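Here is what each chain is made of, one letter per residue.
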Amino acid sequence: MDDGQTPLSVSPETVTLTSSTDVCLPAAGPTVFALGGTAPYSLRNPLPDAIGLSSDTIARSGEGVTITFKGGCMQAIPIVIIDSIGNTAIFRVDYVAGR
């Protein structure tokens, strides 16, 4: 619900992808959902050359963005979701080599 009464949160809070090889090649990732707060939401991606987001905005609570990994290993990269009144929630992205 995006009525401003429910605190802004994100699900999942951590996204971890493990490569099937010893390098982190481009790969599809999961969808992350914004919940609560006051819609609409904007996203801040500190590594747009390494992490792709299907959109830089989310219109309503319960909707999300899909992550794509553009290649390269990374750990604990924070993606920030900001609701329309300035509340924030953070999810962290990890992409690690498997071997």
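What comes next concerns the included structure. Residues take numbers from 1 onward in each chain, read along the sequence in its written order. Residue-level local features of this predicted model are given only where pLDDT is at least 70; pairs of side-chain atoms are given and counted only at 80 or more, and the full residue set underlies all totals for whole chains, interfaces and linings. Calculation of side-chain values draws on the structure's entire complement of heavy atoms; hydrogens and water are dropped beforehand.

This part covers the overall build of the protein chain. When you go through the protein chain residue by residue, the secondary structure sums to 0 helices and 9 strands. Secondary structure is summarised from DSSP: a helix means a run of H or I of at least four residues, a strand means a run of E of at least two, and numbering begins at the N terminus for each. Seen in sequence order, the protein chain has helices and strands lined up from the N terminus as β-β-β-β-β-β-β-β-β. Taking 13 Å as the expected radius of gyration for a compact globule of 99 residues, we find that the protein chain reaches 14 Å, a close match to that expectation. When its C-alpha atoms are laid out on the principal axes, the protein chain stretches across 45 × 20 × 15 Å. A burial count over the protein chain gives 33% of its 99 residues as buried. Partitioning the contacts of the protein chain with sequence separation of at least 6, the portion at a separation of at least 24 is 63%. In summary, the charge assignment counts Lys and Arg as positive and Asp and Glu as negative, without counting His or the chain termini. A charged residue contributes its charge at one atom only: NZ of Lys, CZ of Arg, CG of Asp or CD of Glu. A gap of 6 Å separates the mean positions of the 5 positive and 9 negative side-chain charges of the protein chain. Each radius of gyration is computed over the set of C-alpha atoms, and the globule rule expresses the reference value as 2.2 Å times the number of residues to the power 0.38. For every residue, the accessible area (1.4 Å probe, protein chains only) is compared with the maximum for its type, and the residue is labelled buried under 20%, exposed over 50%, or partly exposed between those bounds. The criterion used for residue contact is that any of the two residues' heavy atoms lie within 4.5 Å.

Below, the discussion takes up the nonpolar core. Here the nonpolar core consists of buried residues drawn from Ala, Val, Leu, Ile, Met, Phe, Trp, Tyr and Cys, with membership extended through side-chain atoms lying within 4.5 Å. Counting 23 residues, the largest nonpolar core has Ile51, Ile67, Met74, Phe91 and Val93 as its most contacted members. Every element with two or more residues in this core is listed here: strand E3 (27–35), strand E4 (41–44), strand E7 (64–69), strand E8 (74–83) and strand E9 (88–96). With residues up to four places along the chain from it excluded, the contact list for Val93 reads Val15, Ile51, Ile67, Phe69, Met74, Gln75, Ala76, Ile77 and Ile79.

Moving on, we get to the side chain of Ser42. Tracing the backbone shows Ser42 in strand E4. Beyond its immediate sequence surroundings of up to four residues, Ser42 is in contact with Asp56, Thr57, Val80, Ile81 and Ile82.

Quick look at the environment of Thr18 now. Mapped onto the secondary structure, Thr18 falls in strand E2 (residues 14–18). A relative accessible area of 48% places Thr18 in the partly exposed class. Along the sequence, Thr18 and Ala97 sit 79 residues apart, while their C-alpha atoms lie 5.8 Å from each other. Leave out the neighbours within four places in its chain, and Thr18 touches Tyr95, Val96, Ala97 and Gly98.

It is worth spelling out the state of the cysteines at this point. Cysteine sulfur atoms are paired as a disulfide whenever they come within 2.5 Å of each other. Inspection of the entire model under this criterion finds 1 disulfide. Across the disulfide, Cys24 is cross-linked to Cys73 (sulfur-sulfur distance 1.9 Å). Residues Cys24 and Cys73 are joined through a disulfide that is right-handed, its torsion about the S-S bond being 90 degrees. Residue Cys24 is found in the loop between E2 and E3, and its partner Cys73 is found in the loop between E7 and E8; the two are separated by 49 residues along the sequence.

The subject of this paragraph is unusual backbone geometry. Here Ser11 and Pro12 are connected by a cis peptide whose omega angle stands at -5 degrees. By secondary structure assignment, the location of Pro12 is in the loop between strand E1 (9–11) and E2. The omega torsion across Ala39 and Pro40 is 0 degrees, close enough to zero to call that bond cis. Position of Pro40 among the secondary structure elements: in the loop between E3 and E4.

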